[in-house]
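Here is what each chain is made of, one letter per residue.
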Amino acid sequence: MKWYQWILDCIYPRRCPVCDQVLPLGGTMVCPGCLEKLQVREGFHCKKCGKFILKEEKEFCDDCLHTRHSFEEGYGIFPYSGWAQRSMVRFKFHGRAEYGAFYGKMMAYAAQRTLTRWDPQVILPVPMYRKKEKKRGYNQAAILARETGKCLHIPVRGDLVRRIRDTKPQKDMTLQMRRKNLKGAFAVSPEAAGYERILLIDDIYTTGSTVDAIAKILKQRGAEKIYFLTACTGIGF
């Protein structure tokens, strides 16, 4: 542990992303009592979006069976339930930006084989609207992208996709409502045309509306394959 990190940890104690208790000094990212709770992607999952699915004989979740996506494939690390769901709320809305280091490293580690197959040339974080990011103080997707890119030695470009229109919260929206809500919300830099294989990074995958909206416009600008990686993903059927 570097001396300046030790001093920072003394002044601003880091917290466990699982239980939110103050971590002991020494560089650990999860408190000892929570290590056993970390289960990374066990079970069957959709071959398209990466959601956990309950039946062994199914290759795709119901959403992907009935929805045409603009992305090639996705992967999520933790099921969006229990401790992970509570942790994501703190990460996004209660100032626990430090959780990003843990999640970014876990994403890079758990998805290593999948990312080798995808072979992305660049990482793009899903952008937030500027006023919303200023109010929150950070974009959680940008933190995850930076940490993941650092582990994988893949460049991160946060300037290639911008959210140019504020959108309403999508939690209670139908798929069609989400698509309408996101129409015209993103703008892509011409520089994105220089990449054929792009990896999008976000915190949570639910219906895929946001990833689809960005993937669609990236492909219109010349990208060939769009993949995504998230810290948490939903459970399909």
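What counts and how
- Residues numbered from 1 in each chain as written.
- Predicted model: local features only at pLDDT ≥ 70, side-chain atom pairs only at ≥ 80, totals over all residues.
- Heavy atoms only, no water.
- Helix = DSSP H or I, 4+ residues; strand = E, 2+ residues; numbered from the N terminus.
- Rg over C-alpha atoms; globule rule 2.2 N^0.38 Å.
- Buried < 20%, exposed > 50% of the residue type's maximum accessible area, 1.4 Å probe, protein only.
- Contact = heavy atoms within 4.5 Å.
- Areas by Shrake-Rupley, 256 points an atom, 1.4 Å probe, with all protein chains shown as cover.
- Patch = residues over 30% accessible without salt bridge, like charges linked within 9 Å, V, L, I, M, F, W, Y side chains within 5 Å.
- Salt bridge = Lys/Arg side-chain N within 4 Å of Asp/Glu carboxyl O.
- Core = buried A, V, L, I, M, F, W, Y, C linked by side-chain atoms within 4.5 Å.
- Expected span 1.5 Å × (residues − 1).
- Phe/Tyr/Trp six-rings, centres within 6.5 Å; stacked < 30°, edge-to-face > 60°.
- Axes fitted to C-alpha atoms, helices over the stretch in contact; angles between N-to-C directions.
- Parallel < 35°, antiparallel > 145°, perpendicular 65-115°, else oblique.
- Left-handed = near helix turned anticlockwise from the far one by under 90°.
- Pairing = 2+ DSSP bridges.
- Right-handed = clockwise from strand over helix to strand, strands pointing away.
- pLDDT = per-residue confidence, 0-100.

> Just checking my understanding: could you explain the overall build of the protein for this structure?
In terms of helices and strands, the protein carries nine helices and eight strands. Over its C-alpha atoms the protein spans a radius of gyration of 18 Å, differing by no more than 12% from the 18 Å that the globule rule assigns to 237 residues. With the C-alpha coordinates of the protein rotated into their principal frame, the extents come out at 50 × 40 × 35 Å. Counting over 237 residues, the protein shows a buried share of 48%. Taking as baseline every contact in the protein between residues at least 6 positions apart, the subset at least 24 positions apart corresponds to 71%. As presented, the protein carries roughly 13000 Å² of accessible surface, and 53% of it is formed by carbon and sulfur atoms.

> I tried to follow a nonpolar patch on the surface on my own but got confused; where do I start?
A grouping of Leu54, Ile235 and Phe237 is seen on the molecular surface, where their side chains present a nonpolar patch of about 330 Å² in accessible area. Positionally, Leu54 belongs in the loop between β2 (52-53) and α2 (62-66). Overall, Leu54 belongs to the exposed group, its relative accessible area being 60%.

> Would you mind showing me how to read the nonpolar core here?
For soluble globular proteins, the rule of thumb is that nonpolar side chains tend to be buried together. With 33 residues, the main nonpolar core has Ile77, Phe78, Tyr103, Leu199, Ile201 and Leu229 as its most contacted residues. At the level of elements, β3 (73-79), α3 (82-93), α4 (99-110), α5 (112-118), α7 (140-152), β7 (197-205) and β8 (225-233) are the ones that each hand at least two residues to this core. Looking at which element gives the most residues to this core, the answer is α4, with six residues. Core analysis: the second largest hydrophobic core is formed by 29 residues, Cys49, Val126, Leu182 and Ile198 among them.

> I tried to follow α4 on my own but got confused; where do I start?
A turn of α-helix holds 3.6 residues, and therefore any two residues three or four places apart point the same way. Compared with an ideal rise of 1.5 Å per residue, which puts twelve residues at 16 Å, α4 spans 17 Å between its outermost C-alpha atoms and is within 8% of the ideal. Of all twelve residues in α4, nine are buried, a share of seventy percent or more. Contact partners of the buried residues in α4: β3, α3, α5, α7, β7 and β8.

> What is the right way to read the packing of aromatic side chains from this model?
Two descriptors summarise a pair of aromatic rings, namely the distance from one centre to the other and the angle between the planes of the rings. This structure, assessed with the given rule, holds nine aromatic pairs. Summarising the aromatic geometry, the rings of Phe71 and Phe228 are spaced 4.9 Å apart at their centres and angled 85° between planes, so their arrangement reads as edge-to-face. Here the residue Phe71 occupies a position in the loop between α2 and β3, and Phe228 occupies one in strand β8, the gap between them amounting to 157 residues. Here Trp118 and Tyr227 contribute two aromatic rings whose centre-to-centre distance is 4.7 Å and whose plane-to-plane angle is 10°, an arrangement assigned as stacked. Of the two residues, Trp118 sits in helix α5 while Tyr227 sits in strand β8, which places them 109 residues apart along the sequence. The same class applies to Trp118 and to Tyr227, which are both buried. Here the aromatic residues Phe78, Trp83, Phe91, Phe102 and Tyr103 are joined through ring pairs into a cluster of three or more.

> Sorry if this is basic, but what is going on with the packing of helix α8 (residues 175-182) against helix α9 (residues 209-220) here?
Two numbers describe a pair of packed helices, the interaxial angle and the distance between the axes. The N-to-C vectors of α8 and α9 enclose an angle of 45°; their axes lie 9 Å apart at closest approach. Put simply, α8 runs oblique to α9. The hand of the α8/α9 crossing is right-handed. Where α8 abuts α9, its residues Leu175, Arg178 and Leu182 lie against Ser209, Thr210 and Ala213.

> Sorry if this is basic, but what is going on with the pairing of β8 here?
Two faces, one strand: in a regular strand the side chains alternate between the faces of the sheet. With eight of nine residues buried, β8 lies mostly within the body of the structure. Bridging between β3 and β8 involves six bridges; their strand directions are parallel. Bridging from a neighbouring strand, Tyr75 pairs with Leu229 of β8. As defined by bridge partners, β7 adjoins β8 across eight bridges and the pair is classed as parallel. Looking across to β8, one finds that Ile201 is bridged to Leu229. In the classification by handedness, the crossover that spans β7, the intervening α9 and the parallel β8 is right-handed.

> When you look at the sheet that holds β7 in this model, what are you seeing that I'm missing?
Hydrogen bonds along the backbone pair up the strands of a sheet, which may run parallel or antiparallel. Across the sheet, which stays open at both edges, the four strands sit in the order β3-β8-β7-β4 with parallel pairing between neighbours. On the outer flanks of this sheet lie β3 and β4 (122-125), each paired with one strand and no other. Averaged over all pairs of adjacent strands, the angle between strand axes in this sheet comes to 20°, irrespective of strand direction. Of the strand pairs in this sheet, β4 and β7 are connected by four bridges, and their pairing is parallel.

> How should I be thinking about the confidence of the model for the protein in this particular structure?
When pLDDT is averaged along the protein, the result is 89, and 92% of the positions lie at 70 or above. Element-level pLDDT for the protein is lowest in helix α1 (residues 3-11), with a mean of 57, against a maximum mean of 98 in β4.

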